[in-house]
Amino acid sequence: MSDQGSNKENISLEDLVIYLEKHPNFFYENPHILEQVNLNHNQPKGSISLIEHQVSLLREQNANYKNKLADLISIGKKNDLFIKKIQKLYFNQLKTNNLSERLELINSFLHNDFSIASSVLMISDDLRKKNLTTKSNKFIKYFNREDKKLDYFSKFIDLGSPKCGEIKAEHATYLFGSDPIIRSAALIPVGDQITLGFLAIGSMEKDYFNPNQSVDILSGLGDLIYIIISNFIDSNE
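### Considering the overall build of the chain
Helix and strand counts for the chain come out as nine helices and seven strands. Contacts in the chain between residues far apart in sequence, at least 24 positions, make up 56% of those at least 6 positions apart. About 15,900 Å² of surface is accessible on the chain, with carbon and sulfur atoms providing 50% of the total.

Structure (structure tokens):
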């Protein structure tokens, strides 16, 4: 009997937690215990029952779920708006066959319809001789794939899929320059494995581009630019 009593006293808190996790109906089957269990409360009123504590936790979880749902709805509405605007861009592209005008349409679209603070089309140095130009000289920028400054973007280049999120000042300056100050950006491949380069679009709002945005929409924009440029290259060879 003394051994049994000693074993009971040696039950650790961890053992108790494991037991309760394996028997989630323990308190349901032993309701009288709940009446004796109290938790220290951070309010001066003293203590609260375990049930009251559980209710409080459930209310907190419910509030968190509502906030997450509201965020998802907001993102969904923004994505729908992006789709409509890109469809508009597609139709406008049919109005001209001039490469410079088509690229300028994209640049204008990004600033006026997407409310982008800055944009740059990063073209591989291999295509420098193809004479890709626009009215805005800042929109097209050539890059060397061996440039050490691209190391930060290496994962994006290797994966070849759109990337959204906050961007550090030094990397934003490399892409967009120092004015305006860009806090979030989207990097969009132009061609499989960034064959031709990539489009970078930036916002002064740090949450404007975030990882939860639909990359399908951005991929479609990259595909459009790829078709426009590759058709121009093919027709001039």
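Here the narrative resumes, following the displayed structure.
### Notes on the packing of aromatic side chains
Applying the stated criterion across every chain yields a total of seven aromatic pairs. Between F143 and F198 the ring centres are 5.6 Å apart and the planes differ by 55°, which places this aromatic pair in the tilted class. A residue pair is termed long-range when its members are at least 10 positions apart, and F143 in strand 4 (residues 140-143) and F198 in strand 7 (residues 197-203) qualify at 55 residues. Each member of the pair, F143 as well as F198, is classed as buried. Centre to centre, the rings of F156 and F198 are 5.4 Å apart; their planes meet at 80°, and the pair counts as edge-to-face. Residue F156 is found in helix 7 (residues 154-159), and its partner F198 is found in strand 7; the two are separated by 42 residues along the sequence. Given a relative accessible area of 3%, F156 falls into the buried group. Through pairs of rings, three or more aromatic residues link up here, namely F143, Y152, F153, F156, Y174 and F198. Directly above the ring of Y174 sits K141, whose terminal nitrogen or CZ lies 4.5 Å from the centroid.

### Digging into the sheet that holds strand 5 (residues 163-166)
If you trace the five strands from one edge of the open sheet to the other, you get 4-3-7-6-5, paired in mixed fashion. Each edge of the open sheet carries a strand with a single partner, namely strand 4 and strand 5. For this sheet, the mean angle separating the axes of adjacent strands, direction not counted, is 20°. Here strand 3 (residues 118-124) runs beside strand 4; their pairing, made up of four bridges, is parallel. The residue of strand 4 that forms the bridge with M122 is K141. Relative to strand 3, helix 6 (residues 99-112) is tilted by about 145°, and along the sheet it contacts strand 3, strand 4 and strand 7. In this fold helix 8 (residues 169-176) packs onto strand 3, strand 4, strand 6 (184-190) and strand 7, with an angle of close to 70° to the strand it touches most, strand 3.

### Considerations on the pairing of strand 7
Within strand 7, seven of the seven residues are buried, which leaves the element mostly enclosed by the surrounding structure. Side chains of strand 7 alternate between two faces, with G197, L199, I201 and S203 and F198, A200 and G202 buried alike. Examined bridge by bridge, strand 3 and strand 7 share six bridges and lie antiparallel to one another. Considered in strand 7, the bridge of M122 is made with F198. Here strand 6 hands over to strand 7 after six residues, with G191 in that stretch at a positive phi of 100°.

### Thoughts on helix 8
For helix 8, every residue scored as buried is listed here: H171, A172, Y174, L175 and F176. One face of helix 8 carries all of its buried residues, which in axial projection span an arc of 165°. Away from the buried face of helix 8 by more than 90 degrees, exposed residues A169 and E170 are located. Considering only its buried residues, helix 8 is in contact with strand 3, strand 4, strand 6 and strand 7. In the segment just after helix 8, G177 is the residue with positive phi, at about 90°.

Definitions and limits used
Residues numbered from 1 in each chain as written. Predicted model: local features only at pLDDT ≥ 70, side-chain atom pairs only at ≥ 80, totals over all residues. Heavy atoms only, no water. Helix = DSSP H or I, 4+ residues; strand = E, 2+ residues; numbered from the N terminus. Contact = heavy atoms within 4.5 Å. Areas by Shrake-Rupley, 256 points an atom, 1.4 Å probe, with all protein chains shown as cover. Phe/Tyr/Trp six-rings, centres within 6.5 Å; stacked < 30°, edge-to-face > 60°. Buried < 20%, exposed > 50% of the residue type's maximum accessible area, 1.4 Å probe, protein only. Lys NZ or Arg CZ within 6 Å of the ring centre and 35° of its normal. Pairing = 2+ DSSP bridges. Axes fitted to C-alpha atoms, helices over the stretch in contact; angles between N-to-C directions. Arc of directions from axis to C-beta.

Everything listed is a geometric property; what it means functionally is a separate question.
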